[in-house]
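# Structural description and commentary
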Amino acid sequence: MIISKFHDVKILAIAAAVSNNWTKLEEISDEDSSVLKKFTKKTGVEGRYNAGLRQTTSDFCYAAAREIIKEKQVNIDDIGILVFVTQSADYAIPATACLLQDRLGLRKDCIAFDVNLGCSGFSYGLNIVASLLKNTNCKKALLLCGDTSAKVKSPKNMNKTTHSASLLFGDSGTATLIGLDDTAQRINMISKTDGSGFKAIIKPYDGFRNPDDPSGKNASIMDDVAVFNFAISEVPSLLKDTMELASMKPEDYDCLVLHQANLFIMKQVAKRTGFSMDKTLVSIDKFGNTSSSSLPITLVNEYGNEKESKEIHALMCGFGVGLSWSTVDCYINTNDILPLVHTDEYFTDGYTPEE
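Residues numbered from 1 in each chain as written. Predicted model: local features only at pLDDT ≥ 70, side-chain atom pairs only at ≥ 80, totals over all residues. Heavy atoms only, no water.

## Details of the overall build of the chain
Regarding its fold elements, the chain presents ten helices and 15 strands. Its C-alpha radius of gyration of 19 Å places the chain within 12% of the 20 Å reference for a compact globule of 355 residues. Projected onto its principal axes, the C-alpha positions of the chain cover 55 × 50 × 40 Å. Within the span of the chain, comprising 355 residues, buried residues form 53% of the whole. Across the chain, contacts joining residues at least 24 apart in sequence account for 79% of those joining residues at least 6 apart. Considering the chain, the positive charge centre built from 37 side chains and the negative charge centre built from 45 side chains are found 3 Å apart. (Helix = DSSP H or I, 4+ residues; strand = E, 2+ residues; numbered from the N terminus. Rg over C-alpha atoms; globule rule 2.2 N^0.38 Å. Buried < 20%, exposed > 50% of the residue type's maximum accessible area, 1.4 Å probe, protein only. Contact = heavy atoms within 4.5 Å. Lys, Arg positive; Asp, Glu negative; His and termini not counted. Charge placed at Lys NZ, Arg CZ, Asp CG, Glu CD.)

## Let's talk about unusual backbone geometry
The amide bond that connects isoleucine 93 to the next residue, proline 94, takes the cis arrangement and shows omega of 0 degrees. On the secondary structure map, proline 94 appears in the loop between strand S5 (79-85) and helix H4 (96-103). In this structure, leucine 323 follows glycine 322 across a cis peptide bond, with omega equal to -5 degrees. By secondary structure assignment, the location of leucine 323 is in the loop between strand S13 (311-320) and strand S14 (324-333). Unusually for a residue other than glycine, aspartate 206 sits at a positive phi of about 85 degrees. In this structure, aspartate 206 sits in the loop between strand S10 (201-202) and strand S11 (221-222).

## Looking at the sheet that holds strand S2 (residues 9-18)
Strands in a sheet are paired, the pairing made by backbone hydrogen bonds, and the direction either parallel or antiparallel. With respect to topology, six strands assemble into an open sheet ordered S6-S5-S7-S8-S2-S15, the strand pairing being mixed. The open sheet has two edge strands, strand S6 (111-115) and strand S15 (341-342), and neither has a second partner. One ladder, built from eight bridges, connects S2 with strand S8 (residues 171-180); its direction is antiparallel. For valine 9, the partnering residue across the bridge sits in S8 and is leucine 180. Against the sheet, helix H10 (residues 294-303) touches S2 and S8, its axis set at about 85 degrees to S2. (Pairing = 2+ DSSP bridges. Axes fitted to C-alpha atoms, helices over the stretch in contact; angles between N-to-C directions.)

## Structural notes on H4
Of all eight residues in H4, six are buried; the element is thus mostly enclosed. Among all positions of H4, only Thr96, Ala97, Leu99, Leu100, Gln101 and Arg103 are buried. In this structure, the buried residues of H4 make contact with helix H3 (57-71), S5, S6 and strand S7 (140-148). Just past H4, the residue glycine 105 takes up positive phi, approximately 75 degrees.

## Observations concerning the pattern of salt bridges
Scanning the entire structure with this criterion turns up ten salt bridges. Its salt-bridge partner being aspartate 336, residue lysine 72 comes within 2.7 Å of it at the nearest N-O pair. Here lysine 72, found in the loop between H3 and S5, pairs with aspartate 336, found in the loop between S14 and S15; they are 264 residues apart in sequence, far enough to count as distant. Classification of aspartate 336 as buried rests on a relative accessible area of 12%. A salt bridge links aspartate 78 to lysine 139; the nearest nitrogen and oxygen atoms lie 3.9 Å apart. With a gap of 61 residues between them, aspartate 78 in the loop between H3 and S5 and lysine 139 in the loop between helix H5 (121-134) and S7 connect regions that are remote in the sequence. Where salt bridges share partners, they join Glu67, Lys70 and Glu71 into one cluster. (Salt bridge = Lys/Arg side-chain N within 4 Å of Asp/Glu carboxyl O.)

See the structure below:
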């Protein structure tokens, strides 16, 4: 297994942003109410935030990052790394991170690039950013994670749906500020990949290998059975390895933060690793499955309005599309987890005719 240990890297702030448009499942589906109730019972999803027609993932990440810079009074000249993790980038080219560097007013002496990862995006991204901080002269870095998996790309597609996968996902973006700190508590991470399961969650068409979908749908395909079997076997095993690495037990943690795949999977993972559901944070009811956003947005949902300053010990695991999964064992102060940001703003680039 690939183990990463950091003893002087600290999570300085976490923020998450969504639109102002929250909708119940009944508003986005033509299914019978009894079917939707069963869906909610299994997945935990009651509704989701929907990106506006012109909003993209980067708009939410930008809003979250601006909130951190404002609330934490960050000197933007100290930020020399920007990593944008998403599977719904603004463009095929260039990297959206380059646009975000400019939009945020960061200096040109800045490393900025995109990472194409989904459900494990935050945990993998934290590893990437921490490693870069340790090996550059940068003081601070921004990790921006998000996806707009529920977003419709055109008004022509704004019909109600009966497809379970489309009911599962929500739109959001997050920002995490990371910096070097000699007093920081240690961060442990373990990462894994199994590309033999690439077909378990895939959008086979609309890319360079298979540009055209014969059906014209260009939809994502999810093998629910394969995903379930992967999640309940590999994820508990990696969580146990992570606890063993730190000589910790479930009672040593304040919370277990899992990728919000669906409620049934989260209950199974918690049970198999010895965590109670009281310690297992749940946000899927409010946000749906938000892919790479799900770990930080779950922390924001739980602690964003916390008034008391306290340090929490969190065990996190992102897992899914790839197949890819990784853990993070770290400490975060609740004062550094900001309240949820709502925004309807979007970036205008001059390419849309009505602009």
